[in-house]
Amino acid sequence: MPSSGDAAGRRPHVVLIPSAGMGHLVPFGRLAVALSSGHGCDVSLVTVLPTVSAAESKHLEALFAAFPSVRRLDFQLAPFDESEFPGGDPFFLRLEAMRRSAPLLGPLLAGASASALVTDIALTSVVLPVGNELRLPCHILFTASAAMLSLCAYFPTYLDANVGGVVGDVDIPGVYRIPKASIPQALHNPNHLFTRQFVANGRSLTNAAGILVNTFEALEPDAVSALRQGTVAACFPPVFAVGPLLPARSPAGNQPKDPAGYMDWLDAQPARSVVYVSFGSRKAVSGEQLRELAAGLEASGHRFLWVVKSTVVDREDAAELGELLGEGFLERVEKRGLVTKAWVEQEDVLNHESVGLFVSHCGWNSVTEAAAGGVPVLALARFGDQRVNAGVVARAGLGVWADSWSWEGEEGVISAAEISGKVKAAMGDDEALRRKAASLGEAAAKAVGDGGSSHRRLAEFVRLC
Ligand code: UDP
């Protein structure tokens with residue numbers, strides 16, 4: 001049921017301002033559709049041009065074509081001299097470019113007759129002043145876990161009290177202790193561009209009108225309740241756990257193409273027999289680790305569908321699969337493994353009955369999608385917030401995580417033997433794991449269904465718009 005409108009009966013007009021990277025864009029697109037189709041809002045989505053990857057442009061085109069009710073507001077970035085950050089990650093650089101262009105949002109938004117803004121955490125400290133200037137309530141969609149939101153909210157206080165300057169375990173009030181080894185790599189360096197952005201955004205969180213988080217209560221009960229009760233940081237704005245944000249399903253006839261044939265291949269496999277392996281949209285895994293993973297999957301004896309990425313941005317992705325995965329691998333696993341470098345519709349894969357396990361880097365969208373599909377996860381965190389998310393996965397019982405496994409920047413690789421052992425265990429007789437993952441899938445469906453906790457929170461949020 002549409003849940004809002006002001007005293008004069010006008011529908012709220014919510015303008016969404018996402019940042020770069022599919023992990024951010026995907027949940028913003030889903031929120032746009034949920035607000036416009038399920039909660040009676042007019043919605044505009046700011047489209048930052050040029051996009052940073054081919055996957056982003058395709059995703060946006062498909063979204064606007066399938067949901068014409070979501071309006072597109074093009075935003076051309078100001079020129080940005082990347083030579084200031086030699087060797088910088090293209091996504092961090094894009095983020096910095098967007099942050100510097102934020103003042104230009106003012107004139108764009110002034111003409112949009114918005115009633116509220118929702119921006120990404122990565123842009124918070126620069127978009128809030130624009131919202132204030134225009135006297136518009138400015139909310140945040142936090143696209144990572146509630147655990148990560150609590151770290152973001154608490155980290156500036158932690159740093160202020162941390163006279164030695166070395167980051168250790170971070171014990172977040174009311175949530176739990178995040179071990180030093182799980183803190184995103186960049187945050188150990190106070191001068192890192194990401195750290196400066198993270199701290200600035202964390203400090204400005206209390207100025208937001210409200211914070212939406214793509215999680216649900218059954219997945220992260222401690223963090224959600226501590227955030228809502230203001231235990232993590234004083235004077236914290238209202239927090240709305242509105243996830244898992246569900247895919248914006250294209251109307252029939254508008255389905256994405258499947259040139260790799262993975263859906264047909266999945267159709268031909270027995271129920272719960274396939275290990276789905278993917279490390280998200282944006283971060284390559286080292287060649288050495290890829291080869292151990294290949295050998296581990298081969299040794300596990302299970303069927304698998306593996307989406308391989310070998311470079312950071314998809315348009316440069318030209319390396320050959322055979323070379324990447326080791327001599328003769330593709331030929332040896334031909335009958336039971338499908339390996340592709342194509343973009344797959346991950347939601348469709350995770351909801352396919354032949355999939356029994358998800359070997360995931362634990363990007364937060366992947367975790368929420370696994371939870372929604374009730375698919376157990378084997379966590380292979382690589383970078384950034386992924387160990388925090390892997391911790392959530394293990395705590396919630398959605399999957400397993402060996403916290404001694406190395407990640408980017410640490411010595412050593414995770415060996416084929418370790419990977420195959422964990423895959424065999426999770427695919428074998430771990431009935432408790434399967435049952436718990438399935439029950440989280442049911443809890444996710446209940447949360448977003450009519451009257452569920454996430455549905456109610458989204459309606460509460462719309463009333464503030
Ligand atoms: N994704 C997909 N197909 C792919 C790779 C990624 O649909 O081949 C989607 C995935 O379902 C998720 C998003 O891209 O919604 C990736 O976000 P996540 O937070 O999991 O990881 P990131 O890419 O940000 O590291």
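Everything here concerns the structure above.
Rules behind the numbers
- Residues numbered from 1 in each chain as written.
- Predicted model: local features only at pLDDT ≥ 70, side-chain atom pairs only at ≥ 80, totals over all residues.
- Heavy atoms only, no water.
- Pairing = 2+ DSSP bridges.
- Helix = DSSP H or I, 4+ residues; strand = E, 2+ residues; numbered from the N terminus.
- Axes fitted to C-alpha atoms, helices over the stretch in contact; angles between N-to-C directions.
- Contact = heavy atoms within 4.5 Å.
- Salt bridge = Lys/Arg side-chain N within 4 Å of Asp/Glu carboxyl O.
- Buried < 20%, exposed > 50% of the residue type's maximum accessible area, 1.4 Å probe, protein only.
- Expected span 1.5 Å × (residues − 1).
- Phe/Tyr/Trp six-rings, centres within 6.5 Å; stacked < 30°, edge-to-face > 60°.
- Lys NZ or Arg CZ within 6 Å of the ring centre and 35° of its normal.
- Near = heavy atom within 4 Å.
- Polar contact = N/O pair within 3.5 Å; in protein donor to acceptor, adjacent residues only side chain to side chain.
- Nonpolar A, V, L, I, M, F, W, Y, C, P; charged D, E, K, R; others polar.

Peer 1: What's the story with the sheet that holds strand β14 (residues 377-379) in this structure? I'm lost.
Peer 2: Hydrogen bonds between backbone groups are what pair the strands of a sheet, and the pairing can be parallel or antiparallel. Strands sit in the order β12-β11-β10-β13-β14-β15 across an open sheet of 6 strands; the sheet is parallel. Of all strands in the sheet, those bounded by a partner on one side alone are β12 (337-340) and β15 (399-401). Looking at each pair of strands side by side, their axes are set apart by 15° on average, direction ignored. Contacting β14 and β15, helix α15 (residues 386-396) runs over the sheet at an angle of about 130° to β15.

Peer 1: Hey, could you run me through the pattern of salt bridges in this one?
Peer 2: Where charged atoms of side chains with opposite charge meet at close range, the side chains can pair. Applying the stated rule across the entire model yields 15 salt bridges. When the shortest N-O distance is used, the salt bridge between Arg177 and Asp169 registers 3.9 Å. Look at Arg177 and you get partly exposed, because its relative accessible area is 48%. Assessed through its relative accessible area of 36%, Asp169 is described here as partly exposed. Salt-bridge contacts for Glu298 lead to Arg332; the nearest nitrogen and oxygen are separated by 2.7 Å. Residue Glu298 is found in helix α10 (residues 287-300), and its partner Arg332 is found in helix α12 (residues 329-332); the two are separated by 34 residues along the sequence. Where salt bridges share partners, they join Arg11, Asp42 and Arg71 into one cluster.

Peer 1: Looking at this model, I keep getting lost on helix α1 (residues 22-38). Mind explaining?
Peer 2: For the α-helix, the turn length of 3.6 residues means that residues three or four positions removed from each other point alike. Along its 17 residues, α1 runs 23 Å from first to last C-alpha, staying within 8% of the 24 Å computed at 1.5 Å per residue. Counting buried positions along α1 gives 12 out of 17 residues, so the element sits mostly inside the fold. The set of residues buried in α1 consists of Met22, Leu25, Val26, Pro27, Phe28, Gly29, Arg30, Leu31, Ala32, Val33, Leu35 and Ser36. A positive backbone phi angle near 65° is found at Gly40, which sits one or two residues after α1.

Peer 1: Is there a simple way to explain the sheet that holds strand β5 (residues 138-142) in this structure?
Peer 2: Taken in spatial order, the 7 strands of this open sheet run β3-β2-β1-β4-β5-β8-β9, and their pairing is parallel. One side of each edge strand has no neighbouring strand; the edge strands of this open sheet are β3 (70-76) and β9 (239-241). Sheet twist, expressed as the mean angle between neighbouring strand axes with direction ignored, is 25°. Here β5 runs beside strand β8 (residues 211-213); their pairing, made up of 3 bridges, is parallel.

Peer 1: So what exactly am I meant to see when it comes to the packing of aromatic side chains here?
Peer 2: Each pair of aromatic rings is reported with the distance of its centres and the angle of its planes. Applying the stated rule across the entire model yields 8 aromatic pairs. Arranged with centres 6.1 Å apart and planes meeting at 25°, the rings of Phe304 and Phe329 form a pair that is stacked. Of the two residues, Phe304 is situated in strand β11 (residues 303-307) and Phe329 in helix α12; the sequence distance between them amounts to 25 residues. Overall, the relative accessible area of 0% leaves Phe304 in the buried class. For Phe329, a relative accessible area of 1% gives the class buried. Within the aromatic cluster, the residues linked to one another by ring pairs are Phe155, Tyr158, Phe194 and Phe198. Against the face of Tyr176 rests Arg395, its NZ or CZ located 3.5 Å from the ring centre.

Peer 1: In this structure, what is going on with the environment of Ser286? I would like to understand it.
Peer 2: Tracing the sequence through the fold places Ser286 in the loop between β10 (274-278) and α10. Take Ser286: its relative accessible area is 40%, and that puts it in the partly exposed class. Remark: the alpha-carbon pair of Ser286 and Phe75, spanning 211 residues in sequence, is separated by 35 Å.

Peer 1: Sorry if this is basic, but what is going on with the site of the ligand here?
Peer 2: Lining the immediate environment of the ligand, one finds 15 residues, of which Ser281, Val344, His361, Ser366 and Glu369 sit closest. One of the side-chain N or O atoms of His361 is found 2.9 Å from an oxygen atom in the ligand. The backbone of Trp364 places a nitrogen or oxygen atom 3.4 Å from an oxygen atom of the ligand. Breaking the shell around the ligand down by element, the ones donating at least two residues are α1 and α14 (364-373). Per element, the largest residue contribution to the shell around the ligand is 4 residues, and it comes from α14. The class makeup of the residues in the shell around the ligand is 5 nonpolar, 8 polar and 2 charged.

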